[in-house]
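This is what each chain is made of:
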Amino acid sequence: MRISGKIVGQALVEIRARIKPGVATQEIDKFAYEFFKKNDCVPAFLGYHGYPATICTSINDEVVHGIPGKRVLEEGDIVGVDIGAYYKGYCGDSARTFSVGKVDKNIEKLLEVTFESLNKGIDQCRIGNRVSDIGNAVQKYVESNGFYVVRDYVGHGIGQAMHEDPQVPNYGRPHQGPRIVEGMCLALEPMVNMGTEEVKVLQDGWTVVTKDGKFSAHFEDTIAILANGPENLTRVN
Ligand code: MF3
Ligand code: CO
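Summary of the structure given here.

What counts, and at which threshold
Residues numbered from 1 in each chain as written. Chains lettered and ligands numbered in written order. Predicted model: local features only at pLDDT ≥ 70, side-chain atom pairs only at ≥ 80, totals over all residues. Heavy atoms only, no water. Pairing = 2+ DSSP bridges. Helix = DSSP H or I, 4+ residues; strand = E, 2+ residues; numbered from the N terminus. Axes fitted to C-alpha atoms, helices over the stretch in contact; angles between N-to-C directions. Contact = heavy atoms within 4.5 Å. Donors = N, O, S within 2.8 Å, 3.2 Å for Na, K, Ca; no water. Buried < 20%, exposed > 50% of the residue type's maximum accessible area, 1.4 Å probe, protein only. Salt bridge = Lys/Arg side-chain N within 4 Å of Asp/Glu carboxyl O. Near = heavy atom within 4 Å. Polar contact = N/O pair within 3.5 Å; in protein donor to acceptor, adjacent residues only side chain to side chain. Areas by Shrake-Rupley, 256 points an atom, 1.4 Å probe, with all protein chains shown as cover. Disulfide = S-S within 2.5 Å.

On to the sheet that holds strand 8 (residues 164–168). Pairing in this open sheet of 5 strands is antiparallel, and the strands run 8-7-9-14-15 from one edge to the other. The open sheet has two edge strands with one neighbour each: strand 8 and strand 15 (229–232). Here the strands of the sheet are splayed against their neighbours by 25° on average, with no regard to which way each runs. The sheet contact formed by strand 9 (residues 185–188) and strand 14 (residues 221–226) spans 4 bridges and is antiparallel. The partner of cysteine 185 across the bridge, within strand 14, is alanine 224. Along the sheet face, helix 4 (residues 131–144) touches strand 8 and strand 9 and points at about 35° away from the line of strand 8.

Protein coordination of the cobalt ion (ligand 2) is provided by Asp93 (OD), His156 (NE2), Glu189 (OE) and Glu220 (OE), with donor distances spanning 2.0 to 2.3 Å. Counting gaps between the donor residues of the cobalt ion (ligand 2) yields the pattern D-x62-H-x32-E-x30-E. Of this pair, aspartate 93 sits in strand 5 (residues 90–99) while glutamate 220 sits in the loop between strand 13 (216–218) and strand 14, and the two are 127 residues apart along the sequence. For aspartate 93, a relative accessible area of 2% corresponds to the buried category. Taking relative accessible area as the criterion, glutamate 220 reaches 0% and is therefore assigned buried.

On inspection of all chains with the given rule, the structure shows 9 salt bridges. For lysine 120, the salt bridge identified is with glutamate 116, shortest N-O distance 3.9 Å. Taken together, the residues lysine 120 and glutamate 116, both in helix 3 (residues 105–123) and 4 residues apart, mark about one turn of the helix. Classification of glutamate 116 as partly exposed rests on a relative accessible area of 26%.

Right, let's talk about the site of ligand 1 for a bit. Near ligand 1 there are 13 residues, and of these Asp82, Asp93, His156, His163 and Glu189 occur at the shortest range. Contact distances for ligand 1 include 3.0 Å between an oxygen atom and a side-chain N or O atom of histidine 156. Side-chain polar atom of histidine 163 to an oxygen atom of ligand 1: 2.5 Å apart, as the coordinates give it. Within the complex, 95% of the 330 Å² of free accessible area of ligand 1 lies under protein.

We now examine the state of the cysteines. Applying the stated criterion to the full structure yields 0 disulfides. With no disulfide of its own, cysteine 41 has cysteine 91 as its nearest cysteine by sulfur position, at a separation of 9.5 Å. Of the residues examined, cysteine 41 reaches a relative accessible area of 8% and is grouped as buried.

In structure tokens form, the structure reads like this:
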């Protein structure tokens with residue numbers, strides 16, 4: 001999982017350098033597919049419940065699971081890139097939301113708060129805590145900054161499958177649910193909205209958007225719980 005995590009993290013670094021106005025999301029998808037092939041990885045999303053691409057690209061009011069296509073990134077957009085792969089049967093899963101050129105100040109803040117809420121969650125990935133301590137920390141940080149945590153989609157355990165137990169919500173009361181134990185691997189993935197937490201799925205059956213059309217951000221890392229604390233498997237820089 002260290003290896004798959006590192007490759008997935010490196011893919012996001014490479015992708016970040018390719019995000020600019022005029023780029024179509026399908027070009028980024030193609031890059032990711034080739035990158036995984038070159039690194040002996042199997043894309044985790046492609047074919048998952050029929051999902052048609054290697055990555056998810058979610059622009060502006062799209063929360064998660066946007067399908068790459070001909071849509072071209074424009075100055076002022078934000079784009080969430082979610083990416084996962086197996087290396088020798090072990091899965092890494094990570095996401096970042098990038099700004100395209102210069103974005104509004106309040107949207108910059110959305111990106112910063114969402115990333116920092118992920119870090120607050122990671123801080124809770126310690127033996128003896130419970131899974132809901134993660135969501136509680138994420139929710140408190142997000143709401144104290146005036147934003148909203150999506151309820152309808154959650155993080156997850158991860159290992160030889162991309163989605164394993166337990167579910168890892170980004171909200172909730174502290175000290176509830178399964179205990180966090182040594183050797184567990186969890187994918188934490190806060191989805192944070194500017195306006196309302198409410199979301200809906202578009203006609204394509206995949207793309208999740210905010211109900212109010214305001215912007216949304218998503219950051220994800222795969223975390224291993226070790227005796228000496230959390231190890232972030234997908235953060236390479
Ligand atoms: N990274 C997403 C997750 O954490 C998976 C994307 S859904 C897929 O659950 F269908 F595209 F695979
Ligand atoms: Co995930």
